[in-house]
Amino acid sequence: MTAVADLLKSKGDAAVHTIGPDDSVFDALERMADKGIGALLVLQDDAIVGIVTERDYARKIALKGRTSVLTQVRDVMTTSVMSIKPTQTSEECMALMTNNRLRHLPVVDHGRLIGLISIGDLVKDIISEQKFVIEQLEHYISGKIS
């Protein structure tokens, strides 16, 4: 079981991309496109007040006939944002994401945002762990235990 803190270290770039609630949805989309990501945490005075995703744009702007230039992030963001601690495991995060249909979890340590874990990060980690176990079992079965 991998701890979230270890997942963050393995990601390398620990930057969490954010936007303010008063910024336009267009600005959020530009930032996501520029960074090659699908979500931005919405911060106000260093506090997480929401998350805005490409899915929010598709459902709350495009399908509603609104314009991203004239709409503020606060009008489309998801406000109930679950977070995790760096001591939690990848399995706990996967269960939380699956049960709540989430794709991103902010990592908060002592009230301070320190990272963001995506479903892709978790899948990559779980595949890596499974690959290691399979290799160990193959060595065991073949009698090549070191």
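About the criteria used
- Residues numbered from 1 in each chain as written.
- Predicted model: local features only at pLDDT ≥ 70, side-chain atom pairs only at ≥ 80, totals over all residues.
- Heavy atoms only, no water.
- 1 Å grid on protein atoms, 1.4 Å probe; cavity = no way out; pocket = protein on both sides within 12 Å on 5 of 7 lines; lining within 4 Å.
- Points joined across faces, edges and corners; volume = space filled by probe spheres on them.
- Helix = DSSP H or I, 4+ residues; strand = E, 2+ residues; numbered from the N terminus.
- Nonpolar A, V, L, I, M, F, W, Y, C, P; charged D, E, K, R; others polar.
- Pairing = 2+ DSSP bridges.
- Buried < 20%, exposed > 50% of the residue type's maximum accessible area, 1.4 Å probe, protein only.
- Arc of directions from axis to C-beta.
- Contact = heavy atoms within 4.5 Å.

S.K.: Account for the layout of surface pockets, with residues named and values stated.
M.R.: Looking at the largest pocket, its volume works out to about 500 Å³. Counting residues per element, the ones that place at least two in the lining of the largest pocket are β3 (47-53) and α3 (54-62). With five residues, the single largest contributor to the lining of the largest pocket is α3. For the lining of the largest pocket, a count of residues per class yields four nonpolar, six polar and seven charged.

S.K.: Mind laying out the sheet that holds β3, listing which residues take part and the relevant values?
M.R.: If you trace the three strands from one edge of the open sheet to the other, you get β1-β2-β3, paired in mixed fashion. If you trace the sheet from one side to the other, it starts and ends with β1 (18-19) and β3, each paired once.

S.K.: Can you lay out helix α1 (residues 4-11) for me, pointing to particular residues and giving the numbers?
M.R.: Restricting attention to buried positions, one finds in α1 the residues Val 4, Leu 7 and Leu 8. Buried residues of α1, seen end-on, are gathered within an arc of 100 degrees and therefore sit on one face of the element. Looking at α1, the residues exposed on the side facing more than 90 degrees away from the buried face are Lys 9 and Ser 10. Buried residues belonging to α1 abut α4 (90-100), β4 (104-109), β5 (112-118) and α5 (119-142). Backbone geometry just after α1 places Gly 12 at a positive phi near 85 degrees.

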